[in-house]
Amino acid sequence: MRTLYTFLLALSALSADAQRAKFSATEIDLGQLTWHTEAAARIEVKNTGNRPLSITDVTTDCGCTVAEFSTAPIPPGSKGVITATYDAETLGTFSKTVTVFTNASEEPTDIVLTGCVKVQVIDYSKQFPFKVDDILLSTDNIEFDDVNKGDMPQQTLLVLNNGKKNYVPELMHLPPYLTAICQPEVLRPGRIGRITITLDSRRLPNLGVNRASIYVARFPGDKVRKASEIDLSATLLPEFNLTDRQLQQAPMAVVPTSICLEGKVKKNTLKGSLVLENRGAGVLHVSALQVYNPGISVSLSKSTLQPGEKATLKIKLLASSANFKGRRRILMITDDPTNSKITIDVTAK
């Protein structure tokens with residue numbers, strides 16, 4: 001009995017004292033390749049055991065793929081490298097297998113290389129600069145500016161299916177004042193579609209900026225995530241029906257429409273100020289003061305200005321908020337009938 005126990009213990013120690021191979025990937029997508037060019041895949045092989053690991057051989061399933069590999073033993077905890085190069089001589093999609101033999105197992109490991117060879121590969125990075133996995137978008141920020149009550153403006157979002165499967169475009173979390181129609185309803189790989197977004201201004205809840213986040217679905221039942229977010233804003237303007245006499249007695253809002261914040265950053269913020277002046281004959285009321293982007297905060301010393309009176313507009317910008325979608329802007333809504341919507345562009349040095 002003791003002899004059997006000793007044998008099993010020794011066997012266990014032998015199996016624990018071994019080399020083990022962990023591959024960085026077993027499926028690699030080389031993407032779109034131009035005809036008559038080469039593409040290389042780099043595979044790392046880590047020795048997660050406690051004895052030296054050796055890559056004894058690497059084979060490929062056709063002459064269009066060549067593999068090079070580390071021949072020196074790989075110490076425990078270290079990595080070896082396999083480089084597989086595919087020569088794109090045949091048009092169309094491909095799937096090639098690279099088989100790796102090591103002293104860690106009697107069974108080899110297969111690495112599958114996939115991709116698509118085209119006569120010419122088109123660079124869509126300028127037309128579609130925003131990426132949600134295999135879905136490319138023309139923008140991640142949609143603005144409906146200068147909307148009057150009753151308007152039904154539209155914006156178009158272009159979508160490119162850069163994947164290998166059919167894609168059904170869909171926007172999630174649309175607010176009640178938005179509708180979206182996708183054409184075509186199904187996008188084949190490599191095809192471009194358009195999502196037409198219509199705004200029903202009658203359903204906008206507030207004057208001034210109405211902001212919302214909508215999301216691109218990658219597949220039916222997809223979850224909301226930051227990477228698929230599209231910022232949307234709609235600016236609803238006040239209505240005026242004034243006589244000529246009333247226009248002569250109206251207020252006049254005057255304020256610079258841009259500011260550059262510069263100087264030393266204090267407590268992670270840049271600060272600046274502008275002066276709002278009422279140069280009209282009537283009392284000026286500021287009914288809304290809003291921002292289009294997170295990271296900007298504003299305050300006004302007074303929202304009601306008598307003729308000739310001035311107010312100070314203070315602006316703070318979070319220095320850490322470097323990545324904005326769209327322009328950094330402040331919106332002011334007033335009862336100046338000739339200048340009811342005032343936008344102030346904010347830049348920083």
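It should be emphasised that the depicted structure is a prediction, and the values quoted were computed from it without experimental measurement.

Visitor: Would you mind showing me how to read the overall build of the chain here?
Guide: Scanning the chain from terminus to terminus reveals 2 helices and 26 strands. In summary, the chain has a C-alpha radius of gyration of 31 Å against a globular reference of 20 Å for 349 residues, an excess of more than 25%. Taking the principal axes of its C-alpha atoms as reference, the chain extends roughly 110 × 50 × 45 Å. When burial is assessed residue by residue, the chain has 37% of its 349 residues classed as buried. Pairs at least 24 residues apart make up 65% of the contacts formed inside the chain by residues separated by at least 6 positions. In the form shown here, the chain has an accessible surface area of approximately 19,800 Å², with 50% of it arising from carbon and sulfur atoms.

Visitor: Quick question: what am I supposed to make of the pattern of salt bridges here?
Guide: Side chains that differ in sign of charge can pair as their charged atoms come close. Per the stated rule, a full pass over the model turns up 14 salt bridges. Lysine 164 serves as the salt-bridge partner of aspartate 29, at 3.4 Å between the closest nitrogen and oxygen. Taken together, the residues span a long stretch of sequence, with aspartate 29 in strand β2 (residues 27-34) and lysine 164 in the loop between β12 (154-161) and β13 (171-172) at a distance of 135 residues. A salt bridge links aspartate 200 to arginine 202, with the nearest nitrogen and oxygen atoms 2.9 Å apart. Overall, aspartate 200 belongs to the buried group, its relative accessible area being 13%. Exposure remark for arginine 202: the relative accessible area of 56% places this residue in the exposed category. Within this structure, Asp133, Arg218, Asp222 and Arg225 form a network of salt bridges that share partners.

Visitor: Before we go on, may I ask you to explain the environment of valine 216 in this structure?
Guide: For valine 216, the location among the structural elements is in strand β16 (residues 208-216). It is 40 Å that separates the C-alpha atoms of valine 216 and valine 66, two residues lying 150 residues apart in sequence. When residues no more than four places from it in sequence are discounted, the contact partners of valine 216 are Ile135, Leu137, Tyr167, Glu170, Leu171, Met172, Asp222, Ser228 and Ile230.

Visitor: What is the right way to look at the sheet that holds strand β3 (residues 37-47) in this model?
Guide: In any sheet, the strands associate via hydrogen bonds between backbone groups, in a parallel or an antiparallel arrangement. Strand order in the open sheet made by the 4 strands is β1-β3-β6-β5, with antiparallel pairing throughout. Sheet topology places β1 (21-23) and β5 (65-69) at the edges, where each strand pairs with a single neighbour. Going across the sheet, the axis of each strand differs from the next one's by a mean of 25°, ignoring polarity. As defined by bridge partners, β5 adjoins strand β6 (residues 79-88) across 5 bridges and the pair is classed as antiparallel. In the sheet register, phenylalanine 69 faces β6, and the bridge partner there is isoleucine 82.

Visitor: Sorry, what's going on with the pairing of strand β7 (residues 92-102) here?
Guide: In terms of strand pairing, strand β4 (residues 55-60) meets β7 through 5 bridges, oriented antiparallel. Bridging from a neighbouring strand, valine 58 pairs with valine 100 of β7. Judged from the 9 bridges that link them, β7 and strand β8 (residues 109-118) form a sheet pairing that is antiparallel. Looking at the pairing, threonine 99 lines up with aspartate 110 of β8. From the end of β7 to the start of β8, which pair antiparallel, there are 6 residues.

Visitor: I'm lost on the sheet that holds strand β26 (residues 341-348) in this one. Help?
Guide: Sheet architecture is open: 5 strands sit in the order β19-β26-β25-β21-β23, paired in mixed fashion. Two strands lie at the open edges of the sheet, namely β19 (258-261) and β23 (304-305), each paired on one side alone. Relative to strand β25 (residues 329-334), strand β21 (residues 284-291) runs antiparallel, the two sharing 5 bridges. Following the sheet pairing, glutamine 290 is matched in β25 by leucine 331.

Visitor: Looking at this model, I keep getting lost on the nonpolar core. Mind explaining?
Guide: Soluble globular proteins: nonpolar side chains tend toward being buried together. Ranked by size, the top nonpolar core spans 25 residues in total, and within it Leu137, Phe144, Val159, Leu171, Ile197, Leu199 and Ile230 carry the most contacts. Ranked by residues supplied to this core, first place goes to strand β17 (residues 229-236) with 4 residues. If we ignore the near neighbours within four places in the chain, the residues touching leucine 199 are Phe144, Val147, Asp151, Met152, Pro153, Tyr177, Leu178, Leu204 and Ala234. Counting residues in each nonpolar core, the second largest holds 23 residues, with Ile28, Leu33, Val58 and Val117 among its members.

Visitor: Explain the state of the cysteines to me, please; I cannot follow it from the model alone.
Guide: In protein chemistry, a disulfide is the covalent bond that joins the sulfur atoms of two cysteines. Using the criterion set out here, one finds 1 disulfide in the structure. The disulfide partner of cysteine 62 is cysteine 64, and the S-S distance across this bridge is 2.2 Å. Between cysteine 62 and cysteine 64, the disulfide has an S-S torsion of -50° and is therefore left-handed. For the unlinked cysteine cysteine 116, the closest cysteine sulfur is that of cysteine 64, found at 14 Å.

Visitor: When you look at the layout of surface pockets in this model, what are you seeing that I'm missing?
Guide: Rolled over the atoms, a probe as big as a water molecule pinpoints where empty space is left. Considered as a void within the structure, the largest pocket measures approximately 660 Å³ in volume. If you go around the largest pocket, you meet 28 residues; those closest to its centre are Asp134, Asn162, Gly163, Lys164 and Lys165. For the lining of the largest pocket, the secondary-structure elements that each account for two or more residues are β2, β8 and β9 (130-132). Its residues assigned to classes, the lining of the largest pocket shows 11 nonpolar, 9 polar and 8 charged.

Visitor: Explain the confidence of the model for the chain here, please?
Guide: Close inspection of predicted coordinates is inappropriate for parts of the model with low pLDDT. When the pLDDT values of the chain are averaged, the result is 88; 93% of them are 70 or greater. The model gives residues 4-15 a pLDDT under 50, and that stretch makes 1 contact with residues more than four places away or in other chains.

Visitor: Can you help me understand a nonpolar patch on the surface in this one?
Guide: Judged by side-chain polarity, Trp35, Leu91 and Val119 come together as a nonpolar surface patch covering roughly 280 Å² of accessible area. Among the secondary structure elements, valine 119 is positioned in the loop between β8 and β9.

Rules and cut-offs
Residues numbered from 1 in each chain as written. Predicted model: local features only at pLDDT ≥ 70, side-chain atom pairs only at ≥ 80, totals over all residues. Heavy atoms only, no water. Helix = DSSP H or I, 4+ residues; strand = E, 2+ residues; numbered from the N terminus. Rg over C-alpha atoms; globule rule 2.2 N^0.38 Å. Buried < 20%, exposed > 50% of the residue type's maximum accessible area, 1.4 Å probe, protein only. Contact = heavy atoms within 4.5 Å. Areas by Shrake-Rupley, 256 points an atom, 1.4 Å probe, with all protein chains shown as cover. Salt bridge = Lys/Arg side-chain N within 4 Å of Asp/Glu carboxyl O. Pairing = 2+ DSSP bridges. Axes fitted to C-alpha atoms, helices over the stretch in contact; angles between N-to-C directions. Core = buried A, V, L, I, M, F, W, Y, C linked by side-chain atoms within 4.5 Å. Disulfide = S-S within 2.5 Å. 1 Å grid on protein atoms, 1.4 Å probe; cavity = no way out; pocket = protein on both sides within 12 Å on 5 of 7 lines; lining within 4 Å. Points joined across faces, edges and corners; volume = space filled by probe spheres on them. Nonpolar A, V, L, I, M, F, W, Y, C, P; charged D, E, K, R; others polar. pLDDT = per-residue confidence, 0-100. Patch = residues over 30% accessible without salt bridge, like charges linked within 9 Å, V, L, I, M, F, W, Y side chains within 5 Å.

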